[in-house]
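Architecture and fold: a report
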Amino acid sequence: MILALLVTGFALASNAQEEKKKTVIELPQWVKNIKLSGYGMLQYQVQNPDDKTENSFNLRLMRLILDGKIGDFAWRVQMQGSSNAGPGNPTVMLVDLFAEWQKYEFFRVKAGQFKRAFTFENPTHPITQGWYSYATVINSLSGFGDRSGEKASGGRDIGIQIQGDFLKNASGRNLFHYQIGIYNGEGINQKDRDNRKDVIGGIWFMPVKGVRIGAFGWTGSRGDMTWTDENGEERSGSISKNRYCLSAEYDKDEYTFRAEYIHSQGWGAVKVDSRTVDFSKGDKADGFYVFGIVPVIKSKLHAKARYNVYRPSKEWSTSKTMYEIGLNYFITKNIQINAEYALVNDRSLLKHNYNFADIQLDFKF
């Protein structure tokens, strides 16, 4: 907001001086490089778990973004408003604040708060991701509403990361990408609670244009957790997070196919935004998804299908599976309607199967 006001102030000052002196005041290049953008996502959902019909309009997301560049450094500030805390209790938070040194393609350094270096889907834009939400395993094991009890963090954390692309082929396209980061391990807007950092890294191979085949690893902890031991006494300490992900993707000419599997070892919390350990879930979890999005009418209408599985205890008796189909319609380049239906099989419920539908109006500027 301050930067936007500064830009406006510079512009007004320039106009005023031009009127008075008939001269043009040149704005600094870093001011010219500032770009304001944003988007909104409006949502309606209906579902009937255990034969109890629920339906609601929802403000899924609103974000305002400032991007800029100063010399070899690119920077971003992103604010979010959403109803994550529930209807009538919206949240506003800082989600991105970072700068990245980009002088060399093969070695870039980013510091601040940003997306973790884990999975292909995590850094995907919520609108171009194409679904009512990220896959359940991504939400649970990639720092969104994490199994470890973090607040919904959009896959972000505070830290420092290096990344780069290298080994060009004959056409000048890079064949390999790597990234590795060190983070607090507590999610967004949080200091480290146990002075032990999370280390996350990934590498992928791009043999032909549009194809990525990758693998990721994550080791770390979440501090200041509490639990009751076998003697009934209260304890506190850290829980470990040891995870890996295997990924494959094809994305070209409006055709997108992606599959990812994630495995996690480490105790979970009783719920999101909690520091109480839940031993009943066991110390392992996993899940995967496979989806395809294809053009029916190029640049206008896309059809999609997704198979989406998460097992909070790495047992099929605890699994939640979603069989999803839908359509994405682009009114204009910046306005779209996304609709989908899912048959949900949730083994934690008395009645396992229920219906779910979602429709969203998304816009960006």
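Read on for an overview of the structure. (Residues numbered from 1 in each chain as written. Predicted model: local features only at pLDDT ≥ 70, side-chain atom pairs only at ≥ 80, totals over all residues. Heavy atoms only, no water.)

**As for the overall build of the protein chain**
Worth spelling out the cut-off: Counting from the N terminus, the helices are the DSSP runs of H or I reaching at least four residues and the strands are the DSSP runs of E reaching at least two. Each residue is assigned to one of three classes by its accessible area relative to the maximum for its type, calculated with a 1.4 Å probe on protein chains only: buried under 20%, partly exposed between the two thresholds, exposed over 50%. Contacts were defined at the residue level, with two residues in contact if any of their heavy atoms lie within 4.5 Å. A 1.4 Å probe and the Shrake-Rupley method give the accessible areas. Residues count as covered only by the protein chains that appear here. When charges are counted, Lys and Arg contribute as positive and Asp and Glu as negative, whereas His and the chain ends are disregarded. To locate a charge, take NZ of a lysine, CZ of an arginine, CG of an aspartate or CD of a glutamate.
When its secondary structure is counted, the protein chain shows three helices and 18 strands. Along the three orthogonal principal directions, the C-alpha set of the protein chain runs to about 80 × 55 × 50 Å. A total of 365 residues make up the protein chain; the buried ones form 45% of that total. Partitioning the intrachain contacts of the protein chain with sequence separation of at least 6 by distance along the chain shows that 55% fall at a separation of at least 24. Only carbon and sulfur atoms are counted for the fraction: they give 61% of the accessible area of the protein chain, which is about 18400 Å². Between the mean site of the 47 positive side-chain charges and the mean site of the 40 negative ones, the protein chain shows a separation of 5 Å.

**Observations regarding the environment of Thr226**
Mapped onto the elements, Thr226 comes out in strand S9 (residues 211-228). When the C-alpha positions of Thr226 and Ile65 are compared, they lie 37 Å apart, and in sequence the two are 161 residues distant. Other than its neighbours up to four places away in sequence, Thr226 contacts Arg235, Ser236, Arg275, Thr276 and Val277.

**Points about the pairing of strand S14 (residues 284-297)**
What counts, and what does not: Pairs of strands are assigned from DSSP output, requiring at least two bridges between the strands.
Here strand S11 (residues 255-265) pairs with S14 via 10 bridges, running antiparallel. If you follow Thr256 over to S14, its bridge partner there is Ile293.

**Overview of the side chain of Arg116**
This is how the line gets drawn: Under this definition, polar contacts are N or O atom pairs within 3.5 Å; protein pairs additionally need one hydrogen-donor-capable and one acceptor-capable atom, and for neighbouring residues in sequence, both atoms have to be side-chain atoms.
With respect to the helices, strands and loops of the structure, Arg116 is situated in the loop between strand S5 (107-115) and helix H3 (136-141). Looking at Arg116, its side chain comes within polar contact range of the side chain of Glu150, at 2.8 Å. Here Asp157 takes part through its side chain, which lies 3.2 Å from a polar atom of the side chain of Arg116.

**Structural notes on the pattern of salt bridges**
Side chains that differ in charge, positive against negative, can pair when their charged atoms come close. Worth spelling out the cut-off: Any carboxyl oxygen of Asp or Glu within 4 Å of a side-chain nitrogen of Lys or Arg constitutes a salt bridge here.
Across all of its chains, the model carries 25 salt bridges by this definition. Here Arg116 ties to Asp157 by a salt bridge, and the two come within 3.2 Å at their closest N and O atoms. Of this pair, Arg116 sits in the loop between S5 and H3 while Asp157 sits in strand S6 (residues 156-168), and the two are 41 residues apart along the sequence. For the pair Arg116 and Asp157, one class covers both residues: buried. A salt bridge links Arg222 to Glu186; the shortest N-O distance between them is 3.5 Å. Of this pair, Arg222 sits in strand S9 while Glu186 sits in the loop between strand S7 (174-183) and strand S8 (198-205); the two residues are 36 residues apart in sequence, bridging distant segments of the chain. Taking the relative accessible area as the measure of exposure, Arg222 reaches 4% and is therefore buried.

**Re the pairing of strand S18 (residues 353-364)**
Sheet topology note: the strand S1 (residues 35-47)/S18 ladder contains nine bridges and is antiparallel. Each residue of the ladder has a partner; that of Val46, found in S18, is Ala357. Relative to S18, strand S17 (residues 335-346) is paired through 11 bridges, and the arrangement is antiparallel. The partner of Ile335 across the bridge, within S18, is Phe363. Linking S17 to S18, which pair antiparallel, is a turn of six residues.

**What to know about the packing of aromatic side chains**
Stated formally: Here a Phe, Tyr or Trp ring, Trp counted by its six-membered ring, pairs with any other such ring whose centre lies within 6.5 Å, and the pair is stacked when the planes are under 30 degrees apart, edge-to-face when over 60, and tilted otherwise. Put simply, a charge is over a ring when the Lys NZ or the Arg CZ is close to the ring centre, within 6 Å, and near the line of the ring normal, within 35 degrees.
This structure, assessed with the given rule, holds 23 aromatic pairs. Ring centres of Tyr104 and Phe106 lie 5.5 Å apart, and the angle between their planes is 35 degrees; on these two criteria the pair is classed as tilted. Judged by its relative accessible area of 48%, Phe106 falls in the partly exposed class. An angle of 55 degrees between the planes, with centres 4.8 Å apart, marks the rings of Tyr132 and Phe356 as tilted. Note that Tyr132 is positioned in the loop between S5 and H3 and Phe356 in strand S18, a separation of 224 residues in sequence. Each member of the pair, Tyr132 as well as Phe356, is classed as buried. By way of ring pairs, the aromatic residues Phe118, Phe120, Trp204, Phe216 and Trp218 are connected into one cluster. The cationic tip of Lys110 hangs over the ring face of Phe98; the distance from NZ or CZ to the ring centre is 4.7 Å. When the ring centre of Trp204 is taken as origin, the NZ or CZ atom of Arg212, which lies over that ring, is 5.0 Å away.

**Describing unusual backbone geometry**
Notably, Leu167 is not glycine yet its phi reads approximately 60 degrees, a positive angle. The topology assignment puts Leu167 in strand S6. Not every positive phi belongs to a glycine, and Asn189 is a case in point at roughly 55 degrees. Looking at the secondary structure, you find Asn189 in the loop between S7 and S8. Judged by its relative accessible area of 40%, Asn189 falls in the partly exposed class.

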